[in-house]
Amino acid sequence: MTTAVSFAKVSRHFGAVRAVDDVDLSIAEGEFFAMLGPSGSGKTTCLRLIAGFEQPTSGHIEIFGTTVEHVPPYRRNVNTVFQDYALFPHMNIIDNVAYGLMIRGMNKADRHAAANEALELVALPGYGERRPGQLSGGQRQRVALARALVNKPKVLLLDEPLGALDLKLREQMQEELKTLQRKLGITFVFVTHDQGEALSMADRVAVFNDGKIQQVGSPQDIYQRPQSRFVADFVGSSNVLEPDFVKQLTGKESFASLRPEAIRIVAADGHSATVTGNSYLGGNTRITLALGDIRISALIPADQNVPETGSTIQISWQESDLHLMEGAQ
Ligand code: ATP
């Protein structure tokens, strides 16, 4: 397997701020790789380091086996799609898409042919004469994508590219981007703070916090087997159970995560819990529960009765749903 991007002990500090702190990372060719984390966790800085807009304070970056520290952005075979699209408002769509090729000196006929091909790829044929202001947000997003793809990059960097879109369009574009990535086989590195987006699109996800990668793995790994309290909390708001309680359940003194959807209401022989509140989420209802002094939340599917706040119910879960987090604090 060829490695597209690798970081060896890469740091990028801004004064006292450790934006990226001693990160090791390896992204395979053809992979759809998501960088997930809260605001300020260092995702964008990692992307800018790959693009060449930032230089590491220390450490070493390779793209397809070549050291890139002294390679300028335009010679890295990498393109970026920005959240705000960064289209030129005074140029029509075809010239926006063909811009990179023009800079590289390609003649007009050839670059327009390539731009039309790229517009077809993003399902926007025939829009070439319009200006960015005459397109919807979703269409502008597609133009930004076409403008990057026309350069046939080996790695495409996407910085929250769907952030400005409404939920429905966002979900549609998630599907389209994933399909396009599979079709082209280009390595995608996708930055997002939306865990649903990362889990649904990526082959692998790196979860960032405070400039460090907390965990890298498949969406299933990250969701079902979080290695730390931070990952359990951030990816899908899991219940994190304290070691004392876990010891009573399993005999092992360790933190454990328990997904809200794994909790079932049973008629008898469960753990007694008092319902302390609920919030309606559409497809299901989240209820909060007190088991003695332990607070947890559970998801009740829409087709089931929501127990009344203040009532005492019995809850249960499969032993395999309790995921022990060794060494988590
Ligand atoms: P967001 O989702 O909000 O974009 P992020 O995870 O992408 O967040 P970064 O943009 O990488 O985070 O920022 C990481 C940290 O580095 C933040 O504390 C930020 O303020 C700081 N930082 C980033 N760029 C600079 C800069 N040019 N100068 C000073 N500090 C910076």
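Below: a short report on this structure. In this text the structure is predicted, and so the values were computed from the model without any measurement. (Residues numbered from 1 in each chain as written. Predicted model: local features only at pLDDT ≥ 70, side-chain atom pairs only at ≥ 80, totals over all residues. Heavy atoms only, no water.)

**Focus: empty space enclosed by the protein**
Stage number 1. This structure, assessed with the given rule, holds one cavity of 30 Å³ or more.
Stage number 2. What the largest cavity holds in volume is close to 30 Å³.
Stage number 3. Around the largest cavity, the lining residues are L49, E54, Q55, P56, I61, V68, E69 and R76. (1 Å grid on protein atoms, 1.4 Å probe; cavity = no way out; pocket = protein on both sides within 12 Å on 5 of 7 lines; lining within 4 Å. Points joined across faces, edges and corners; volume = space filled by probe spheres on them.)

**A word on the packing of aromatic side chains**
Stage number 1. If you walk through the whole model with that rule in mind, you get five aromatic pairs.
Stage number 2. Relative to F188, the ring of F32 has its centre 5.4 Å away and its plane inclined at 50°; by these criteria the two rings are tilted. Within this pair, whereas F32 is found in strand β3 (residues 32-36), its partner F188 is found in strand β8 (residues 187-192), the two being separated by 156 residues in sequence.
Stage number 3. Note on F188: relative accessible area 0%, which makes it buried.
Stage number 4. Site record: aromatic cluster; members linked through ring pairs are F32, F188 and F190.
Stage number 5. Its end group placed over the ring of F64, K154 keeps NZ or CZ at 4.1 Å from the ring centre. (Phe/Tyr/Trp six-rings, centres within 6.5 Å; stacked < 30°, edge-to-face > 60°. Helix = DSSP H or I, 4+ residues; strand = E, 2+ residues; numbered from the N terminus. Buried < 20%, exposed > 50% of the residue type's maximum accessible area, 1.4 Å probe, protein only. Lys NZ or Arg CZ within 6 Å of the ring centre and 35° of its normal.)

**Remarks on the packing of helix α2 (residues 93-103) against helix α3 (residues 108-121)**
Stage number 1. Orientation of α2 relative to α3, taken along the N-to-C sense of each, is 120°, at an axis distance of 9 Å. Comparing their axes, α3 and α2 come out oblique. Seen along the crossing, α2 lies across α3 with a hand that is right-handed. Residues I93, I94, D95, V97, A98, L101 and M102 of α2 form the contact with α3, whose own contacting residues are R111, H112, A114, A115, N116, A118 and L119.
Stage number 2. Considered class by class, the residues forming the contact of α2 with α3 number 10 nonpolar, two polar and two charged. (Axes fitted to C-alpha atoms, helices over the stretch in contact; angles between N-to-C directions. Parallel < 35°, antiparallel > 145°, perpendicular 65-115°, else oblique. Left-handed = near helix turned anticlockwise from the far one by under 90°. Contact = heavy atoms within 4.5 Å. Nonpolar A, V, L, I, M, F, W, Y, C, P; charged D, E, K, R; others polar.)

Any link to function would need more than the numbers given here.
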